[in-house]
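Structure at a glance
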Amino acid sequence: MEGQDRLFVLEASSGGRLFSVNPDGSDKTFLVTGCRIPDGVAVDVAAGHLYWTNMGVPPENDGSIERVDMAGGNRKTIVPDGGTHTPKQLQFESAGRRLYWGDREGMRVMCCDLDGSRVETLVQTGEGEDDRRDETRWCVGVAVDPVGGHLYWSQKGPSDAGQGKILRAGIDLPAGEKATERSDIEVLFEGLPEPIDLELDHAQRMLYWTDRGDPPRGNTVNRAPVHPPDGRHTSEILMTHLMEGIGIALDPDGGRMYVTDLGGSVYAAGLDGSDRQEVLVVQGNLTGIAHAVLPRGTSG
């Protein structure tokens, strides 16, 4: 049975909403309202669940993660207020059946089981109020590669400062080490305008990311091989002229990617950035986006 392609998009304005839409922008359906500055969204098709992060009020350490079914029912908080500081991009890792996210003012990368149990900190880039004021420590985007055994994340730095980084480490903490003192962290890219969300094309071994900083390298979608043949990490710009690019979702089987920006647009394009289309415009301040292929007849 063929599935139904569907996008799930977060809107941080208008009281915070989660909606679904067809990849061509049709059949927009609101699923959840009253989200507290939602930022990252993930889909577990097998279990029929949607997850998202709530940033809360960033200075107040009151972030949370919630879950609903595909039709927006059975809403449940799985990581309670304050269980994470300012959660940003969220990833569902289907092999290990865990959730991973960047915690911005928490200065860490975290994970938990799908019911919110076993919350762990995998990377900690700083501690205390003095460190928290240093935006180069803020962890935002996250991607997980269970086959390669790696965790990727972005540290965006101050707005448009050219201090953004993308880093990589093992999914698991090295034996005997702490999240604050990992010896296996690699800096893949530095000097980026303001890298935000990350996605992996596992088959092609390519890392994609959005950057909301200043042009020419900012307000873009970029990609790079995770293991370049010559060992030199170089990236290419695939899309430009976003209005503060945030969310990115890949559909490798369909050869498409989907991108959101704070200006309120949803873009569709080929994985190389070709055939760019604006499928939705003026939708409020859009943040996270996820793509899923649902069984026919599934709500959402």
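Scroll up to find the structure.
Note on numbering: residues in each chain are counted from 1, in written sequence order. Reporting in this predicted model follows two pLDDT cut-offs: at least 70 for local features of residues, and 80 or more for side-chain atom pairs to be given and counted; totals over whole chains, interfaces and linings ignore these cut-offs and use all residues. Only hydrogens and water are set aside; all other atoms, that is, all heavy atoms of the structure, feed into the side-chain values.

Residues F8, L18, V32, V41, V43, L50 and W52 are the most contacted members of the largest nonpolar core, which totals 15 residues. Elements represented by at least two residues in this core include exactly β1 (3–11), β3 (29–33), β4 (38–44), β5 (49–54) and β24 (286–295). Helical segments are the DSSP runs of H or I of at least four residues, strand segments are the runs of E of at least two, and each set is numbered from the N terminus. Element by element, the count of residues in this core is highest for β24, at three residues. Beyond its immediate sequence surroundings of up to four residues, V41 is in contact with F8, L10, L18, Y51, W52, L90, G288, I289 and A290. Nonpolar cores were defined as sets of buried Ala, Val, Leu, Ile, Met, Phe, Trp, Tyr and Cys residues, with membership established by side-chain atoms within 4.5 Å. Each residue gets one of three labels from its accessible area relative to the maximum for its type: buried under 20%, exposed over 50%, partly exposed in between, using a 1.4 Å probe on protein chains only. The contact definition used throughout considers only heavy atoms, calling two residues in contact when any of these lie within 4.5 Å.

Turning next to the sheet that holds strand β21 (residues 256–261). In this analysis, strands are considered paired if DSSP registers two or more bridges between them. Spatially, four strands are ordered β20-β21-β22-β23 in an open sheet, and the strand pairing comes out antiparallel. Edge strands, defined here as strands with exactly one partner in the open sheet, are β20 (245–251) and β23 (277–280). Direction aside, neighbouring strands of the sheet carry axes that sit 25° apart on average. Two elements, strand β22 (residues 266–270) and β23, share three bridges in a ladder whose sense is antiparallel. From the neighbouring strand, V266 faces β23, where its bridge partner is L280. Between N-to-C directions, angles cover 0 to 180 degrees, with each direction set by a line fitted to C-alpha atoms, over the stretch in contact for helices.

Within the fold, D62 resides in the loop between β5 and β6 (63–69). The definition of a polar contact used here is a pair of N or O atoms within 3.5 Å, where within protein one atom must be able to donate a hydrogen and the other to accept one, and adjacent residues in sequence count solely through side-chain atom pairs. There is a polar contact of 2.9 Å between the side chain of D62 and the backbone nitrogen of V57. Beyond its immediate chain neighbours, meaning those up to four positions away, D62 contacts R36, M55, G56, V57, D81, G82, T84 and H85.

Once that is clear, we can look at the pattern of salt bridges. A side-chain nitrogen of Lys or Arg and a carboxyl oxygen of Asp or Glu constitute a salt bridge if their distance falls within 4 Å. One pass over the structure, following the stated rule, counts 26 salt bridges. The partner of R36 in a salt bridge is D81, and the shortest N-O contact between them spans 4.0 Å. Taken together, the residues R36 in the loop between β3 and β4 and D81 in strand β7 (residues 76–84) connect sequence positions 45 residues apart. Salt bridges here are not isolated pairs; linked through shared partners, they connect E135, K156, E194, R212 and E244.

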